[in-house]
Amino acid sequence: MPHILNAEQFDTEQLGQLFSQADYFRDNDLDITDRREVMQSHVGRIMLSEFYEPSTRTRFSFEIAATKLGIGVVSTENGSVTSSAVKGETIEDTMRVFNEYGVDAVVLRTKEDGYAVRAASVSKIAVINGGDGKGEHPTQAVLDMYTIQEQLNQLDGLNVVMGGDLAHGRTVRSLSKLLSLYPDNHISFLSTPELQIGEDIKLHLKKNGTSFEETSDMYGVLSQADVVYWTRLQLERHSGKSLTMGQEHFILDAKALDVMPKDAIIMHPLPRIAEIPVSTDQDPRAKYFRQAGNGLYVRMAMLDRIMKKLD
Ligand code: CP
């Protein structure tokens, strides 16, 4: 089954193919005649969209991507309340039921790490990890890499600053893995001691020969950045602890923008809370809404690849 479960499953060749296909879908999304033609691509296929945790971008972009490819969509927006998970049904049994329904793929968003892998272990349909707890968000990482390629025309030799709640955010984990596929990237993990990136990611980078540092020197690393990847406090995963990022030091405001190189880009998986003021949106380096938009075309490319493998 052509599952998408984690970032490690991708190589540079696959990423290049996905990026080319995403470009194709963007180019053919402007004209209604082209859109109608693209909509014939996978008529008859069905994608389930099972979200046990809130989402705006991942759910809508996957559902719109499927619709634009002619794939039928059946979705639940709040599976943790409206599905039989509430009654104690396991993800494995849920998948065993989906196996019986003649569908082709399911996008899963879960609060718990590892659910997509558990689902895939019993699944006869393609499982797409739409974010599992503090684990992985592989489709986000692919669209992040696409955005870096689009904006900077390179994926190697980059100074990437990842700032914020790195302990609870899954996007930085998956993105670190994809950056480690390319030579000479350097990652500066910028956070407080309580919110540092996981040991498993550091081990992964070491194994791949990707250099990194952990720091709380925001202005120091921003001044050297090609890519500034900012993240919010993941309060929903703090289990009642009142962890902060020392908010006054982790805000991309005018003072922070001043020290950044003129040709750097600012990314954020969104949603943003207070860590990027709305005033920063006017800065030409701010690419986070473009990044979100790229998610649609990258997810079209992923669904297209999955459905072609099933043909
Ligand atoms: N970036 C992202 O995963 O956003 P959502 O939680 O809105 O899907």
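What counts, and at which threshold
Residues numbered from 1 in each chain as written. Predicted model: local features only at pLDDT ≥ 70, side-chain atom pairs only at ≥ 80, totals over all residues. Heavy atoms only, no water. Buried < 20%, exposed > 50% of the residue type's maximum accessible area, 1.4 Å probe, protein only. Helix = DSSP H or I, 4+ residues; strand = E, 2+ residues; numbered from the N terminus. Pairing = 2+ DSSP bridges. Right-handed = clockwise from strand over helix to strand, strands pointing away. Axes fitted to C-alpha atoms, helices over the stretch in contact; angles between N-to-C directions. Contact = heavy atoms within 4.5 Å. 1 Å grid on protein atoms, 1.4 Å probe; cavity = no way out; pocket = protein on both sides within 12 Å on 5 of 7 lines; lining within 4 Å. Points joined across faces, edges and corners; volume = space filled by probe spheres on them. Nonpolar A, V, L, I, M, F, W, Y, C, P; charged D, E, K, R; others polar. Domains from an automatic or database assignment.

Visitor: Just checking my understanding: could you explain the pairing of strand S3 (residues 105-110) for this structure?
Guide: Counting buried residues along S3, six of its six residues qualify, which places the element largely inside the surrounding structure. The alternating pattern of S3 places Ala105, Val107 and Arg109 and Val106, Leu108 and Thr110 on opposite faces, both of which are buried. Direction of pairing for strand S1 (residues 46-51) relative to S3: parallel, over a ladder of five bridges. Its bridge partner lying in S3, Leu48 is registered against Val106. As paired strands, S3 and strand S4 (residues 126-132) are joined by five bridges and run parallel to one another. Looking across to S4, one finds that Leu108 is bridged to Asn129. On the question of chirality, the crossover connecting S3 to the parallel S4 by way of helix H6 (residues 115-121) is right-handed.

Visitor: I tried to follow the sheet that holds strand S2 (residues 72-76) on my own but got confused; where do I start?
Guide: Two pairing modes exist for strands in a sheet, parallel and antiparallel, and in both the strands are linked by backbone hydrogen bonds. Strand order in the open sheet formed by four strands is S2-S1-S3-S4, with parallel pairing between adjacent strands. Pairing within the sheet leaves two strands with one partner each, and these edge strands are S2 and S4. For this sheet, the mean inter-axis angle between neighbouring strands, taken without regard to orientation, is 15°. Together, S1, S2, S3 and S4 form the strand contacts of helix H3 (residues 57-68), whose direction differs from that of S1 by roughly 170°.

Visitor: What exactly am I supposed to notice about the sheet that holds strand S8 (residues 227-230) here?
Guide: Taken together, the five strands give an open sheet; going across it, the order is S7-S6-S5-S8-S9, and neighbouring strands pair in parallel fashion. With one partner strand each, in any of the chains shown, strand S7 (211-215) and strand S9 (265-267) form the two edges of the open sheet. This sheet shows a mean twist of 20° between the axes of neighbouring strands, independent of strand direction. In terms of strand pairing, strand S5 (residues 159-163) meets S8 through four bridges, oriented parallel. Residue pairing in the sheet places Gly163 in a bridge with Trp230 of S8. Helix-sheet contacts for helix H8 (residues 171-179) involve S5, strand S6 (186-190) and S8, and the interaxial angle to S5 is about 165°. Lying on the sheet, helix H9 (residues 199-208) is in contact with S6 and S7; it crosses S7 at an angle near 150°.

Visitor: Would you mind going over empty space enclosed by the protein with me for this structure?
Guide: Sizing a probe to match a water molecule and rolling it over the atoms shows the empty space that remains. Counted under the stated rule, the structure contains one cavity of 30 Å³ or more. Its boundaries defined by the atoms lining it, the largest cavity holds a volume of some 50 Å³. Lining of the largest cavity is provided by Arg57, Gln140, Leu143, His268, Pro269, Tyr288, Gln291, Ala292, Gly295 and Arg299. Within the residue set of the lining of the largest cavity, elements represented by two or more residues are helix H7 (138-152) and helix H12 (288-310). The element contributing the most residues to the lining of the largest cavity is H12, with five residues. Taken together, the residues of the lining of the largest cavity break down into four nonpolar, four polar and two charged. Among the domains, domain 1 (7-137 + 293-310) and domain 2 (138-291) are the pair contributing at least three residues each to the lining of the largest cavity.

The values reported here are purely geometric and, on their own, carry no functional implication.
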